[in-house]
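Here is what each chain is made of, one letter per residue.
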Amino acid sequence: MTLSGPAAEQWAAAVAAVRCTGADDEVQLICHVNPDGDALGSMLGFGLGLRRLGYTRVRASFPGEFAVPGPYAGLPGSALLAPETEAYAAPRLVVVFDVASESRLGGLAGRLAAAPVSVVLDHHASNTGFGTVRLVDPRAAATSVVADELLARLGVPLDAEIAECLYVALATDTGSFKFDMTTVTVHELAARLIATGIRPGEISRRIFDSRPFGAMKLTGEVLGRAVLEPAAAGGRGMVWTYATLADLERHGQPPYVLDALIDPVRSVAEADVAVVVKQVAAGEWSVSLRSKGAVDVSGVAMSQGGGGHRLAAGFTAYGEAADVVDTVRRILDEHLS
Ligand code: 5GP
Ligand code: MN
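First, a word on scope: everything that follows refers to the structure included in this document. Model, not experiment: these values are computed from the prediction. (Residues numbered from 1 in each chain as written. Chains lettered and ligands numbered in written order. Predicted model: local features only at pLDDT ≥ 70, side-chain atom pairs only at ≥ 80, totals over all residues. Heavy atoms only, no water.)

In spatial order, the strands read β6-β7-β8-β9-β11-β10; together these 6 strands make up an open sheet with mixed pairing. Every other strand in the sheet has two partners, leaving β6 (227-229) and β10 (307-308) as the edge strands with one partner each. By the bridge criterion, 3 bridges tie β6 to strand β7 (residues 238-243) in an arrangement that is antiparallel. Its bridge partner being in β7, V227 is matched across the sheet by W240. Packing against the sheet, helix α12 (residues 321-336) makes contact with β6, β7, β8 (273-281), β9 (284-291) and β11 (312-318), and its axis sits at approximately 155 degrees to β7. (Pairing = 2+ DSSP bridges. Helix = DSSP H or I, 4+ residues; strand = E, 2+ residues; numbered from the N terminus. Contact = heavy atoms within 4.5 Å. Axes fitted to C-alpha atoms, helices over the stretch in contact; angles between N-to-C directions.)

Time to look at the nonpolar core. Note that soluble globular proteins tend to have their nonpolar side chains buried in a common cluster. Judged by nonpolar contacts, the single largest core of 56 residues is most densely connected at L29, F46, V119, L121 and L150. Counting residues per element, this core draws most heavily on helix α5 (residues 160-173), at 8 residues. L29 has contacts with M43, F46, G47, L50, V58, R59, A60, S61, V95 and F97, leaving out every residue within four places of it along the chain. (Core = buried A, V, L, I, M, F, W, Y, C linked by side-chain atoms within 4.5 Å. Buried < 20%, exposed > 50% of the residue type's maximum accessible area, 1.4 Å probe, protein only.)

Bringing the packing of helix α4 (residues 143-153) against α5 into the picture now. The description of two packed helices rests on the angle between their axes and on the distance between the axes. Here α4 crosses α5 at 150 degrees, and the two axes come no closer than 9 Å. Between α4 and α5, the angle is such that the two are roughly antiparallel. Where α4 abuts α5, its residues S144, V145, A147, D148 and L151 lie against I162, L166, A169 and L170. Residue classes in the contact of α4 with α5 are distributed as 7 nonpolar, 1 polar and 1 charged. (Parallel < 35°, antiparallel > 145°, perpendicular 65-115°, else oblique. Nonpolar A, V, L, I, M, F, W, Y, C, P; charged D, E, K, R; others polar.)

Turning our attention to the pairing of strand β4 (residues 117-122). Within β4, 6 of the 6 residues are buried, which leaves it mostly tucked inside the rest of the structure. Here β4 shows two buried faces, one formed by V117, V119 and L121 and the other by S118, V120 and D122. Taken together, the 5 bridges between strand β3 (residues 93-97) and β4 define a ladder with parallel strand orientation. Within β4, the residue paired with V95 across the bridge is V119. Where β4 lies against strand β5 (residues 133-136), 4 bridges are found, and the strand directions are parallel. Directly across from V120, in β5, lies its bridge partner R134.

What follows covers unusual backbone geometry. Within the chain, D98 stands out as a residue other than glycine whose phi angle is a positive 65 degrees. Turning to its location among the elements, D98 is positioned in the loop between β3 and α3 (110-114). Phi at A233 is positive, roughly 55 degrees, even though this residue is not glycine. A233 gets classed as buried once you look at its relative accessible area, which sits at 0%.

Structure, rendered in structure tokens:
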């Protein structure tokens, strides 16, 4: 697969889509279910940019339960957030953020067909190619890199509020500027964002280094039951654990606290592949996959109807947690044999 950014015509079409929208027309922004820092940060940063341009009716939504993960609850632009049930029914313009496939739009997927134009901003190589205008750049470390460029092309200057949103998105998807995708472009964008006066230390503490005591105890318990399988993944090793709704309830924690669990799990030196199986309902699991480089886990995720990036991917699975891990182990063997 060749990695190239959006074509000049797509950028021009995206700018035209915004400019052809009247200041009082309805604009619906949408990011993926269970939004993370990049989904929310790029969506709210862009939404604030539209407000700066004078658009009066901008709503920002995501499918499913209207729960913003604690670390992102106070982001600038949060006043634009509206639950799925209050999303505009037939907006003039839809803009989609960080969504690799329409399944990640849940009940809001139909809004794309209901609008004359839908602009998709994304950075997943696995993006399935939906929407009428596609700004998909698999080389971008975060969707916020694409959002920043579109804002610039629209003539919106960065201010501290927009910058905080885009910075949170960038810091989240680069794992605090640690992942391979942390390019010169990433640091140049970070520099421009910080130049607006935002406080990186304070932001990082809030989104990465602050959690309730119950979340810490829950993390300890779930990590304590992790299993290392050195022979799995063609001898490259796999480490896995799982967390149930009962675990969350026992510690009084909301589901999003489980999203951070993959980081300590993937740090295990003896395994290339890390797997965290998180219960979302009876018999339904959200699976997070990571590789240190030897395995393309997006292939595993896509074979199960999910998606993601080469080294970070996920999918939804059904049944028992042990069966989900069996499935991952089997597909890894098939892919690597
Ligand atoms: P995470 O493990 O942090 O939830 O997700 C890692 C990556 O995989 C993200 O880029 C995310 O968009 C993608 N991903 C996670 N779950 C799914 C899924 O169910 N479907 C698709 N298409 N992508 C997913
Ligand atoms: Mn992203």
